[in-house]
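Observations on the model geometry
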Protein chains: 2
Amino acid sequence: MRWSQTLIPTQKENPADAQIASHQLLIRAGLIRQLTAGAYDFLPLGFRALHKATKIVREEMDRAGASEVLLPALQPLELWQKSGRDVAYGDNLMRSKDRHGRINILGPTHEEVITELVAANVTSYKQLPLTLYQIQTKFRDEFRPRFGLLRVREFLMKDAYSFDADVESLDRSYQKMYDAYTRIFSRCGIPFSVVEAESGPIGGSASHEFTAACDAGEDIIVTSDKGNYAANVEKAEIGERPHTFGGDPKGELQKVHTPNMPGIDDVGKFMKVKSKSMLKTLVFKARGWPSVGSSDRPENLSRPNWVVAVVRGDHDVNEAKLKKAAQEKFQIPAIELLDDPETRAEWCIGFCGPDAAVKNLRAVMIVDPDAAQDTFWATGANEIDYHVKYFNWFRECGQALADPKKVVVADIRNAMEGDPSPKNDGGKLKTSRGIEIGHVFKLGTKYSEALDANYLDDEGKSHPIIMGCYGIGIGRILIAAVEALHDERGIIWPAAIAPYSVIITPIRYEGEVKDAADKLHDQLESAGIDTLLDDRDARPGVKFAGADLIGIPVRINIGDRGLKEGKVELKPRKATDATMVSLSDVMGQVKALLAS
Amino acid sequence: MRWSQTLIPTQKENPADAQIASHQLLIRAGLIRQLTAGAYDFLPLGFRALHKATKIVREEMDRAGASEVLLPALQPLELWQKSGRDVAYGDNLMRSKDRHGRINILGPTHEEVITELVAANVTSYKQLPLTLYQIQTKFRDEFRPRFGLLRVREFLMKDAYSFDADVESLDRSYQKMYDAYTRIFSRCGIPFSVVEAESGPIGGSASHEFTAACDAGEDIIVTSDKGNYAANVEKAEIGERPHTFGGDPKGELQKVHTPNMPGIDDVGKFMKVKSKSMLKTLVFKARGWPSVGSSDRPENLSRPNWVVAVVRGDHDVNEAKLKKAAQEKFQIPAIELLDDPETRAEWCIGFCGPDAAVKNLRAVMIVDPDAAQDTFWATGANEIDYHVKYFNWFRECGQALADPKKVVVADIRNAMEGDPSPKNDGGKLKTSRGIEIGHVFKLGTKYSEALDANYLDDEGKSHPIIMGCYGIGIGRILIAAVEALHDERGIIWPAAIAPYSVIITPIRYEGEVKDAADKLHDQLESAGIDTLLDDRDARPGVKFAGADLIGIPVRINIGDRGLKEGKVELKPRKATDATMVSLSDVMGQVKALLAS
C-alpha cells in the first residue's frame, strides 16, 4: 500500500485531553479518531492492528474447538428482565425504543441471548460439551468515557460461552479457554499477567483476569513480592493476622462533639486521632432469603436483618469478601449497603460504633482482624454529631464478642501494599495498576436456571447446564501493546499486530529510487509481507519521524548512494542503528527480523 | 469439526411464518435463528457462510485499492441534522438516548460520519483519490421486518466511500468498485444481474444496482426482451410513445355523482369505465427554491407553486421521473406530494381533473404520453364527489396545451410489462422481482458540501470533494445463493460460501469406519479443506438427509463394505448419483469437485 493512497493522519501534538500513552499515540499516529464521546473511528492503520489481533483471537478460539456465531446487538429487554440484569446493570445499559414502542437493549454482553439459544436447541448430554464464541460490537453507557480506547461506549469484543454437563467438564472447558488466552496474548506480543479475580456483576464462582500494566488502569493488581501470588484487589486475600478483643481500656470513654465533618479523615484530624486508630462501622441490609413457604426455607432459619462490618479507619471494606463471610458464617444469602434514609437515621450512619451492633437483636457483626486489636480506638458514639475516644472492645461490647452467632472476625477488607501474602510464607503484598484485557469466568448455573437451559442425562433426568464465559476486549490488546511498547518517538508495535510489517522510505520518490522502492514493495507484498511505501513528497526527516511514530517494526531506507552499490538501509524500529544490506539479502533479513 | 461438538439445530418442518425458500431453509438447516423481530442469531453454519462471503468481499475491496476502516454504530444526531437526513430517514432511524440525555443514531449507513472524517483529514488534491470501506453492523427500524434475513433491523454490510477531485477520477473509482462487485458476486457463485437504478434517498446522480432473483424481492426489475436493457422499475425508461392532445370530443361532458368511492377502480366500476380510459391527476408542491436574496436566485425566476401530473388510470406516477421532468422542463428544484388537508381540499384531491391545472395561474402540468391521447376519457370534475365522462383535452384545456411553459408531455410513469424498450429497437419490456445485493452510487457533492469536505487544487483553490458510495448487504449474498440454488431436499451451496466444503458421513461411527472417518477428516483439514464429520449416533438416512438439507457441496459416505475394498462413496450435492472412489484418490477428486 502506498501512503498517499490510504489515510494516515499523523499529528505532531498530543491531543489536549489525552493523558495516557496509548490514547496520545493511537491518535497522534493516526490509528483512531473520536467520533463522539466513547466512540472511535478505527482508521486504516488502526483497523489493520485491530484486525490482526482479531485474527489471532479467532485462530486460537477455533484451535480450542469453539464454534463461532454472530448474535445481534439488539436484545429484547424481556430477556434481561428474566435474569434480573436489567436492574443490576443500571445506567450502563443502553436502550433503544423502536417505532412500535418496544425497548431493545444494546447488548453489553450476551449471556442471556446465548443461554436462551442453547436452551432452545440443546436437550441431551450428547450435545455437550459445547463452546460458542463471537467477535462482535458491544455497547455500554459509561458515565464518563475517557482514556481513548480504554473506557468507551462501543467496543469490539470476543465473548465465548461454554456449556457443560458437570463441573469436571466445565473445568476442562475453562482450562481450554485459559490456555487459548495465554496463547493469544503471547502471540500478540504483549506483556500480561494472570490474576485471580472476583467475578463481579456477571455472577459466578471462579474467575481469572488477564491483565496488562497501565497506570490509568481501572484494576489494582495485588502481587506477593515472593512472586507466587497475584490477584485483583477485589479478590486478593490477605495472610494471617493475629487478633484479639481482649485487653484493658486505655482510658475513660470520652465523647467528642464532631458536627459538620463529612469524612473519617476530617473527624480524625479534629480529634487528633490517626485514621488507623479509628474503627469504621458500616451497616448492610441482609437480603435474598427464600420466600415464605418456599421449600428452600428452613423452618427455624435465623434471619438477622443487619450485617455490621467493622474495619480500621484507613482500610476499605471489600464487599465481595464481606458477602462471602456473611454467607459462610451466618448463612445470609446477600447483602446490600444501607441506603434508605429512615433506617440510616436509626443507625446514626456516620456516627455509628460497633457496640450498636451488639445492642440490636437483629444484627450480626463481622470485624476485620486489624480492627480486632487491643489498642486505643476512636469510633462513632451512636449519636448524631458525636464520636468517642478510648473505645474498648470488651468494655463496650461485652460477652457478645464470644458468641460466634453474633460476632466473628474475618478478612473483609481490600488488600494494601505491605500486607502479608495469603501464602503465609513471609511474602509481602505489592499493588500496581493494570487493565483487564481478558477475563475467564466459571458461571455455574445462574443463567441456565434463570432461562431454563437444561439437559437430560443418560438416565433421562434433567439438570441445569453448567456454564462458563470468557471475554477479550480486542481494542485493549492495542492499548496494552502501546502502553508497554513505545518510546519518545512513538509506538513500537510487536510484529504480530503491527499495522504493516515493513515500511519502505525512499529518500526521494523519483527516478531509480522510485523504481527500486516500487519493485521492493511488490516483492515483499508477493511474499506475503504487508508493506507500506511512503511515496509522499516530503523530506527524509519527516518520513523517518512518521515511520517511527506509527511504529512499523522494520524500516527500509532507499537512497541514491546506497542504490549505486545495490544496497539499502535496514532499520528495525527497536534498534538504534541502521545497517546497510544488499538488495538480494533484504527479503531474508526482513523475514528474520519479523520472526525474532 | 465434529457435528456433535458444534451446534447444528436442523429441523424437519418449515417455520410457520416463513414464506420464501431462503427464510425456510436457512432456519431449517440451522444456520440462523430469530432472536427478536428483524434480528437474527447466525449459528455456527450460518456464521461460516457469512464469514466466507465477508472474506471474499474484503479480498476484492483490498484488491481494488480500498482501505478498510471501522466506524462506530453510535453516531451523534447533530451530524444527521447537518445533512438533513435525520428527517429524510424518518422512522427508519433507530435512536438511543444516553444517560446524559444525548441522542445517538444507530447508523443505517455512514455517509455523514465518513465525510466528516475526511473533511477533517484530507486537505489537498495530493491525498486524492481515496476509497475507504468497512464491514460493519447496520441498524434500520423497519416497519415490518420479514422474510428472514431479507428485511431485518440489524444486518452486516460492507459500505465503501470514494473521494475524488474531479468527475473523471470519480468515474474511475466508480468503475473499480463496479468491477470489484462483479468479481465478488461471481466468486460467491450466485446468479446476479446489474441494472440501472435510481439513487433513492441517499441522493446522487448515477447508480447501478446488483440484483439477484427472488420472488419476495422488494425490487421490480425491468428488462428488454432483446436482452440489451435492464433497470430497476424506479429508474426504467420507456421507449417512444406517439401522443397528441388533438382530436374531437367523443361526446358531451357528462357529470356523474361518485360519493364514497375510495379508489380509482371503484369509481371506474361505478361509472362503467375501464381504468385505462381514465385520467389520474396528482398534485405536487414545488419546493426547494433558492431563498430570497440568494445569489443563486435569478431575478425573473418564474416560480410555479404546483406541479400537476397526469397519467392513465392504470398507470403509476414515477416520482423520480416526474421530479426530473419538473427540473428539466420548468427548473423546479424539488417536488413533494401535496399533503396538507387545506390545500388538498382546494384542489379537490380525489376529484381533480387536468383542467384544474390550466385554471390555476401558479400551476404547471406534466402529462404522460399515454394520457395525451385522442380518445374517450373519464376524470375528476374538480368538485367533491363528482367525476366527468367524455373529457376532451382540447375542449377542456384549450390553448394552454400549446404553451411549453405551462404544459409538457414527458415520460413520468413506471414501466410495465409490454412497454416499448427505451432502446427503441422494437424490444418489449418484461418485469421480474429481485433483491438488491449490491449498489454503487455516484453521490457527487451532496455530503461534502453539507459537511465542508473540501480539497485545495494545485493552484490553492478550494473545491468540494466528489464522492461515491458503494454497499453490499453480506447477509443478502446468502439469501441470493439459497433462493437460486436449492431443491426439495435443501440448500445447494456454491463451494465458495458453503459452511463446510466436505461432509463425511460414516454409516456407523464405530470401529474401523470410525477410524477411517477420523483419519480422512484430519487429512482433508490438513489440506485446508474445511470438513464436517457427522459423528452422531443416527441412522444413515437421517445423516444423508441432514447433509442434503445443510447443502454441503461434497459428501463422502464411509461404510464397512466399501472400506474392505479401500473405497468410499463420493456424492456431490448437485449430482443424483454417488461414485465409489478409492481412498487414495479421494483428495484429488474432492479438490477437482470443489474447483469445478
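Residues numbered from 1 in each chain as written. Chains lettered and ligands numbered in written order. Predicted model: local features only at pLDDT ≥ 70, side-chain atom pairs only at ≥ 80, totals over all residues. Heavy atoms only, no water.

1. Observations concerning the interface of chain A and chain B
On the chain B side, the residues contacting the 60 residues of chain A number 60 residues. Across the chain A to chain B interface the summed buried area is about 5,100 Å²; carbon plus sulfur atoms make up 59%. On the surface where chain A and chain B come into contact, there are six salt bridges. Each residue belonging to the side of chain A that touches chain B can be placed in one class, and the counts come to 30 nonpolar, 14 polar and 16 charged. (Contact = heavy atoms within 4.5 Å. Buried area = accessible area lost by both parts, 1.4 Å probe. Salt bridge = Lys/Arg side-chain N within 4 Å of Asp/Glu carboxyl O. Nonpolar A, V, L, I, M, F, W, Y, C, P; charged D, E, K, R; others polar.)

2. Thoughts on the packing of aromatic side chains
Describing an aromatic ring pair means giving the distance of the ring centres and the angle of the ring planes. Evaluated as defined, the whole model comprises 24 aromatic pairs over all chains. Ring geometry for Tyr181 of chain A against Phe185 of chain A: centres 6.1 Å apart, planes inclined by 85°, an arrangement best described as edge-to-face. Taken together, the residues span about one helical turn, with Tyr181 of chain A and Phe185 of chain A both in helix H6 (residues 167–188) at a distance of four residues. For the ring pair Phe185 of chain A and Phe210 of chain A, a centre distance of 5.7 Å and an interplane angle of 40° mean the geometry is tilted. Of this pair, Phe185 of chain A sits in helix H6 while Phe210 of chain A sits in strand E10 (residues 206–213), and the two are 25 residues apart along the sequence. When its relative accessible area of 0% is taken as the criterion, Phe210 of chain A is described as buried. Taken together, the ring pairs connect Tyr178, Tyr181, Phe185, Phe192 and Phe210 of chain A into an aromatic cluster. Of note, Arg536 of chain A hangs over the ring of Trp3 of chain A, and the distance from its end group to the ring centre comes to 3.7 Å. Across from the ring centre of Phe544 of chain B, 4.2 Å away, lies the NZ or CZ of Arg555 of chain B, which sits over that ring. (Phe/Tyr/Trp six-rings, centres within 6.5 Å; stacked < 30°, edge-to-face > 60°. Helix = DSSP H or I, 4+ residues; strand = E, 2+ residues; numbered from the N terminus. Buried < 20%, exposed > 50% of the residue type's maximum accessible area, 1.4 Å probe, protein only. Lys NZ or Arg CZ within 6 Å of the ring centre and 35° of its normal.)

3. Notes on the sheet that holds strand E15 (residues 306–312) of chain A
Residues and elements named next belong to chain A. Strands sit in the order E16-E14-E15-E17-E20 across an open sheet of five strands; the sheet is mixed. The outermost strands of the open sheet, each flanked by one partner alone, are strand E16 (334–337) and strand E20 (407–409). Between one strand axis and the next, the sheet turns by 30° as a mean value, whatever way the strands run. Of the strand pairs in this sheet, strand E14 (residues 279–287) and E16 are connected by four bridges, and their pairing is antiparallel. Pairing of Arg287 across the sheet is with Ala334, part of E16. This element, helix H8 (residues 319–330), spans E14, E15, E16, strand E17 (363–367) and E20 of the sheet and lies at about 125° to E17. (Pairing = 2+ DSSP bridges. Axes fitted to C-alpha atoms, helices over the stretch in contact; angles between N-to-C directions.)

4. A few points about the pattern of salt bridges
Applying the stated criterion to the full structure yields 85 salt bridges over all chains. Put simply, Glu510 of chain A and Arg508 of chain A hold a salt bridge, and the shortest N to O gap is 3.1 Å. Across the pair Arg536 of chain B and Asp534 of chain B runs a salt bridge whose closest N-O atoms are separated by 2.9 Å. Of the residues examined, Arg536 of chain B reaches a relative accessible area of 22% and is grouped as partly exposed. According to the relative accessible area criterion, Asp534 of chain B is buried, its value standing at 0%. Sharing partners across several salt bridges, the network here consists of Arg241, Lys321, Asp368, Asp370, Asp411, Arg413 and Asp419 of chain A.

5. Re the side chain of Asp41 of chain A
Topologically, Asp41 of chain A is positioned in strand E2 (residues 39–42). For the buried residue Asp41 of chain A, which engages in no salt bridge, the nearest side chain bearing the opposite charge is Arg33 of chain A, 4.0 Å off. Here Asp41 of chain A is in contact with Leu31, Ile32, Arg33 and Leu35 of chain A together with Leu70, Leu71, Pro72, Val113 and Leu117 of chain B, once residues within four sequence places are set aside. (Lys, Arg positive; Asp, Glu negative; His and termini not counted.)

6. Quick notes on the relation of the copies chain A and chain B
By a simple turn and slide, chain A fits onto chain B: the slide is 0.0 Å along the axis, the RMSD is 0.1 Å, and the turn is 180°. With respect to symmetry, the two chain copies, as superposed, fit the operation of a two-fold axis. It is Ser96 of chain A whose C-alpha, among those of chain A, lies nearest the rotation axis, at 2.4 Å. A shared binding surface is used by both copies, with 100% of the interface residues of chain A retained as interface residues in chain B. (Least-squares fit on C-alpha atoms with pLDDT ≥ 70 in both.)

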